[in-house]
Each structure stands twice: as C-alpha cells, then as structure tokens.
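Chain residues, written in single-letter form:
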Amino acid sequence: MSKVTAAPLIHLRGITKSYGLGQALTYALHGIDLDIAKGDFVSIMGPSGSGKSTCMNILGCLDTATSGQYFFSNLEVSRMDRKQLASLRRYYLGFVFQGFNLLNRTSALENVELPLMYRGTPARQRRQLARHALRIVGLDGREAHTPGELSGGQQQRVAIARAIVTSPAVLFADEPTGNLDTARSHEIMELLVGLNQEKNITIVMVTHEPEMAAYTNRIIRFVDGSVAEDADGKNEHTPN
Amino acid sequence: MFFNTVLLALRDIRRNVMRSVLTILGIIIGVAAVITLVTIGNGSTAQIANQIASMGTNVIMVSPGQHRGPGSDDTAPSFTLQDVEAIRKEISPLSGVAPTCSASATAVVGNRNWSSSITGSSNDFFSVRNWIIESGRIFEPIEQLAGRAVCIIGSTVQENLFLKEDPIGRKIRLGKVSCQVVGLLKEKGQSSMGRDQDDLIIMPLLTVQRRFTGNRDVAMIQLAVADGGSTEQVTKDLTELLRKRRHLAESEEDNFSIRDTKELAAMLTGTTKTMTSLLGAVAAVSLLVGGIGIMNIMLVSVTERTREIGIRLAIGAFEHEVLLQFLTESVVLSSLGGMIGILIALASSFWITKSMRIPFIIDLQIICIAFIFSAAVGVIFGYFPALKAARLDPIDALRHE
Ligand SMILES: Nc1ncnc2c1ncn2[C@@H]1O[C@H](COP(=O)(O)OP(=O)(O)OP(=O)(O)O)[C@@H](O)[C@H]1O
Ligand SMILES: [Mg+2]
C-alpha cells in the first residue's frame, strides 16, 4: 500500500550482479526492479543462494552492481564515487551482517561505539548511546566482553546494536535473527517494529522464517536472482 | 578527527599486543645490532689511530735489505754511524735521527727474571718514538761515548722485575752484563697489533754493539720529520743519499728499505676499516633479519587487518581515515622500536667499548640510517597491506581470505 503512495526512498532498476569471467560467468542477480518507500518495513525471503545477501550488499552500498541503476532518495548511487558512498554509509545507513563482522579482541561497547566515532559524536554521548543500544538488545552487563567471549546469538545482538546505535535512516539487516532462539527473535522483531514506527526508520531485512517476516509490512521473495513475488506481509501471515 | 585517529591507532596497538611487541622487537634488534657493531668498529679504528699517534708521527724507518718476503737478501750491508752522520748533515728538515740496533736477553733482578728486547740507541730515540721519561733521566754524553752499562726501561720491565719498587739506581743483570737503571719510561699500552710496547730496555748504542751484538753495525735508522716537513720529500732525498753512499749503479735496485709510520698507519687503519665494514655487514644482516621478521608478522596479519578495514569501511569510515589510522599505528610502533633500539645500542656499546678499553664514539649518521631503515620497513609493511585493503569495496575486504 505504502509503496504505491509514498515517493520511493530506494529505487532499483535492472540491477544485475555477475561473478567471474568467460566460462565461469554467473549471475547472482538478473535485473532487479524494486521500490522501497520511506518508513517501510520490508522483508526479503527466498531459498539459499537466491541472491538476497548480494542484493542487500548493493543496497547497503557495500558492493557495486554490475549494471542497472540504484537511486537513494533521488541520488544515483550507481554513479557515486567511493567517498560519496562512504558518506552515505556513515550518515544514513545501518547494516547488520549475516556473519556479524565484529572487530575481534574489541569489547562489545567499543564495537558499538565505532560508527558513532566515525560520525564524530563526543565521547560521553557516544558511550551513553552505545550502552543504551546494548541494553535494548538485552546485553547489559556484557559491555566489556569481546566477540570471542560471547555466544553466536550475543554477537548477533552486538551487531544489531552497532547498526541501530546511530538511528540510521535505513537499516539493512541480513538475517538478524538467524542465530537467536524464538523468544529472542520475537524480542528483536518487536524492537525493529518499534524503531520503524517510533523513529520512522526504514528497514529492509532478510529472513528465512515466515514468523519473523510476518512482523513486516511487505515480503519480497527472491528466486534465482530475481524478484518472484512481492506481497503485503501482514495480510499473508497474520490473518487477524 | 586527527585526535580520534591517533586514539584508534593506540587502541589498535593495545588490542594486538603480540603483533605490536613482535614488530617493535624486530626493529629493536635491527637498530641495536647495527649501532652497537658500528660503534665498536669505530672505537677500534680510533684506538688504532691513537696508538699510531703514540708511536710518533712522521717517523721514517730505514733498514738494510729489501723486505720482500722470504729469500730477501741478508747480504745487504748494514748501516754505519757514518751513514747516520751523513743523514744528519744532508737531509732536512728532521727533528731527530736515532740509529738503533737490537738484541734480546733475559733480565735478572734477585730471583726475578724477565725476557725482553734490548734496543741500543741515542737520546734521539725518545723524541723520535714519542717516549716520555717518567722518572730518572736520559743518557749522559759520557755514557754514550764510553758505552757504559746503563739502561732506561719500559713500564712492563719495571713491573716484572721491580714490582712496585723504585727501579732508579738499581742494577739489572743482562746475560753477563750488570747494568744500572737510570730512567723509567711512561706507559704507552698495547700496540694495535697486540704487542706490548712497554716491554723494552734501552741502552746506549755503543754499549749494545760492544756487549751484545759484537759489531759496529747499525741495524736500523729511525728518524722523525720536523713539523711542516714532507715525508715524501725526505724519503726521496734519503733514497738518493743512501744509493750514493752504497754505490748503487743506476740499474741496481735499492738494497735498503724505507718505511714511514704514515704508510703503516694507512695499512693499520685499512685493516680496521675492513673490520668495521665486516661488522657493518653483519649488522646489515641483522637489520635485514629484523626487517623480514616485521614483514612476516605484518603479512600474517594481513587477512585479519583486511577484514578489519572492511568492517570499518562498512560502518562509515572514509578511506583516508582508515589509512591514517594504520599509518599512525605503524609510525608509532616503528619509532618506538627505533628509539628503544637506539637506547639499548647506546647502553650496550658504551659497556662493550668500556670493557674493551676502546673509545666510545657515537656515529649519528649510522644511528639515523639504522633508525630510518627499520622505521621504513615497519611503516611500509604495516601500511601497504592497509593501503591495498582500503581501496577495495568493503564487501571484498570483508570476504578476504
Ligand atoms: N564473491 C562471490 N563470488 C562468486 N559467487 C558469489 C559470490 N558471492 C555470492 N556468490 C554467488 O551468488 C549467489 C547468491 O549468493 P547470496 O549470498 O546473495 O545468496 P543468499 O540468497 O544470501 O543465500 P543465503 O540464504 O544462503 O544467505 C550464490 O549462488 C553465490 O554462490
Ligand atoms: Mg545471505
């Protein structure tokens, strides 16, 4: 519904991504067309290897598409230079990686502080925000632990805290509940819904679990590097 | 921003204690080895230069025969006192001419004995060879003319025969000759060849000729060129004079040889220079080994660093911030290692030169070279992998294996 009414914040046209050359050339994405409105909460589903992470990385300005156009709030991302992409990541985007990607031997608190550091947030405020972010993902008391001292699920929550600590305009989360038990997963989904509704953060997340996708407004299904289905999540999975 | 970067770099150093320590260690070893070895080399060279100076500068030694290895002609006639007189008259500028002949004997005082060499010469010997009379006196003219049994001894002889007693006026028995000590020479110390210069007994020339060698030959003439005189010119004049006196035809070769301490000095300093460069080569190897150590550590951690750079870029770092951070880290580590290395080198070479009794000379140039080289290795191998990683798309840096 929102996708037809609001002006799209993210606008993809014919995005492809290929790997390898010559004989080994394979396409991970075959021409993705996608519009995501500001304030939307979208989930991407699909079988393993269908290109979900590839697409997320391009959306998050971490990777560049082979061809096609990507507009972010009317700016053509596909033509930006490295510095502009970095600015976009720094000031507008938050990213939760499928593989966490935390700094080793660095405390959870310092990991979460890092994006604020690059934004130039003063030390005291930085510390406060980071503690708060860790608290809302349920990690208070674990601030001083390094990733090696945390379980997979706890690391995932540190990664989430790091992505939301800046209150980004858009949050990309690649399977943010992949390592969490059901109860925790629901807590995280509640948290995301809250961020989406209260702070108007646009969220795009990848998930394999229909239960989690059910929290979102819209479900996009990927099959073999193409969008196979684009539907309203709440209608499909939560009948009441 | 800059402050932040330095902070990040320092934090990173602390986080990777092992890597940091190993890097610093590599640099310390390189810097310390080079500086220490070169300081020792320079000290030895200076030591030898001092000893050459103690031999007397611009001393020319004339001896009969050619010293051209084995089989040189022993048949060449010796010099005579007439030759010495001729030199004194015809060659200038000279500050002293000392005819010498030598013998060896065991010196006995009471129940102590000591084998030493005996040199017969004139009072000029002391000025030519830079000897200072510590106590007593030089020879009286009458003692020289009459060939009396008097002697002046070096400090080694004094220590071995008289221990702490005053030797002046005492008698030494040298073979069948009983000889009175009239003077004691001031100590010079070891010569560059490790020979003890103070192990000598000097007697009037005539005494030695009569009582020991049994002939009137002058085995060697030592002369000192006066200040401002040219050693080369004196050598040339000497050659001409001696050839004439020894009736050598145009076609005949010299049957005497002339060496000067300048030549000797050049030879000796040449030897120590070789030694210094040898030490330098050893040092360069340790510098290289240190460098390779650093390189290894850095390369081993490239994957981890690349991933770290990927993470930083992904969460909003600019390329130049990441680079500045890694550059700062390398510079801090390298210069810290370099400074520790310099301190260790100074301490150890001070101690070593002291125990070797050679001068402690600081060579700033070598300190700079060693420091710059190691620092460069640290910075290059710390910084370049980072440079490569920071140019990747974040996702590629994150995927690096
Ligand atoms: N660096 C790469 N080089 C070559 N092929 C790649 C690379 N990255 C991804 N691919 C390929 O692209 C396709 C899509 O991968 P992607 O990671 O986007 O899948 P996914 O949908 O996220 O899967 P999953 O649910 O398992 O995370 C896969 O076939 C994969 O093999
Ligand atoms: Mg994936």
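As the structure is a computational prediction, the values presented were derived from the model and not from experiment. (Residues numbered from 1 in each chain as written. Chains lettered and ligands numbered in written order. Predicted model: local features only at pLDDT ≥ 70, side-chain atom pairs only at ≥ 80, totals over all residues. Heavy atoms only, no water.)

1. Thoughts on the packing of helix H2 (residues 17-54) of chain B against helix H11 (residues 319-356) of chain B
Residue and element names in this part refer to chain B.
Alright, step 1. Close contact between H2 and H11 brings their axes to 7 Å; oriented N to C, the two are set at 35°. As for the relative orientation of H2 and H11, their crossing is right-handed in sense.
Alright, step 2. Taken together, the residues of the contact of H2 with H11 break down into 15 nonpolar, 10 polar and 2 charged. (Axes fitted to C-alpha atoms, helices over the stretch in contact; angles between N-to-C directions. Helix = DSSP H or I, 4+ residues; strand = E, 2+ residues; numbered from the N terminus. Left-handed = near helix turned anticlockwise from the far one by under 90°. Nonpolar A, V, L, I, M, F, W, Y, C, P; charged D, E, K, R; others polar.)

2. What about the coordination of the magnesium ion (ligand 2)?
Residue and element names in this part refer to chain A.
Alright, step 1. Within the protein, the magnesium ion (ligand 2) binds to Ser-53 (OG) and Gln-98 (OE1); these donor distances fall in the range 1.8 to 2.4 Å. One end of the pair, Ser-53, is in helix H2 (residues 52-59); the other, Gln-98, is in the loop between strand E6 (93-96) and helix H4 (108-119), with 45 residues separating them in the sequence.
Alright, step 2. The partly exposed category is assigned to Ser-53, whose relative accessible area is 23%.
Alright, step 3. The exposure class of Gln-98 is partly exposed, given its relative accessible area of 40%. (Donors = N, O, S within 2.8 Å, 3.2 Å for Na, K, Ca; no water. Buried < 20%, exposed > 50% of the residue type's maximum accessible area, 1.4 Å probe, protein only.)

3. What to know about empty space enclosed by the protein
Alright, step 1. Per the counting criterion, the structure on display carries 3 cavities of 30 Å³ or more.
Alright, step 2. Considering only enclosed or pocket space, the largest cavity measures out at about 160 Å³ in volume.
Alright, step 3. As for the largest cavity, its lining consists of 15 residues, and the residues nearest its centre are Leu-93, Gly-94 and Phe-95 of chain A together with Ala-314 and Ile-315 of chain B.
Alright, step 4. Elements supplying a minimum of two residues to the lining of the largest cavity: helix H3 (82-91), E6, H4 and helix H6 (152-164) of chain A. (1 Å grid on protein atoms, 1.4 Å probe; cavity = no way out; pocket = protein on both sides within 12 Å on 5 of 7 lines; lining within 4 Å. Points joined across faces, edges and corners; volume = space filled by probe spheres on them.)

4. As for the domain arrangement of chain B
Accessible area lost upon the coming together of the parts is a frequently used measure of interface size.
Alright, step 1. Entries for chain B in the domain assignment read domain 1 (2-51 + 266-399) and domain 2 (77-254).
Alright, step 2. Placing the centre of domain 1 of chain B and that of domain 2 of chain B at their C-alpha centroids yields a distance of 56 Å. (Domains from an automatic or database assignment.)

5. Details of the sheet that holds strand E10 (residues 226-232) of chain A
Residue and element names in this part refer to chain A.
Alright, step 1. Spatially, 6 strands are ordered E6-E7-E8-E3-E9-E10 in an open sheet, and the strand pairing comes out mixed. Looking at strand neighbours, the two that pair on one side only are E6 and E10, the edges of this open sheet. This sheet shows a mean twist of 15° between the axes of neighbouring strands, independent of strand direction.
Alright, step 2. Pairing of strand E3 (residues 41-45) with strand E8 (residues 202-206) involves 4 bridges; the strand directions are parallel. Among the inter-strand pairings, Phe-41 is bridged to a residue of E8, identified as Ile-203.
Alright, step 3. H6 rests against E6 and strand E7 (170-174) of the sheet, and its axis sits at about 175° to E6.
Alright, step 4. Along the sheet, helix H7 (residues 182-198) makes contact with E3, E7 and E8, crossing E8 at roughly 150°. (Pairing = 2+ DSSP bridges. Contact = heavy atoms within 4.5 Å.)

6. Let's talk about the site of ligand 1
Alright, step 1. Surveying the vicinity of ligand 1 reveals 14 residues, the closest of which are Ser-48, Gly-49, Lys-52, Ser-53 and Thr-54 of chain A.
Alright, step 2. Residue neighbours of ligand 1 fall on chains A and B, so the site bridges chains.
Alright, step 3. Residue Gln-98 of chain A places a side-chain N or O atom 2.9 Å away from an oxygen atom belonging to ligand 1.
Alright, step 4. In this structure, Arg-399 of chain B approaches ligand 1 through a side-chain N or O atom, which is 3.3 Å from a nitrogen atom.
Alright, step 5. In isolation ligand 1 offers 630 Å² of accessible surface; the protein chains occlude 64% of this area.
Alright, step 6. Split by residue class, the shell around ligand 1 holds 3 nonpolar, 8 polar and 3 charged. (Near = heavy atom within 4 Å. Polar contact = N/O pair within 3.5 Å; in protein donor to acceptor, adjacent residues only side chain to side chain. Areas by Shrake-Rupley, 256 points an atom, 1.4 Å probe, with all protein chains shown as cover.)

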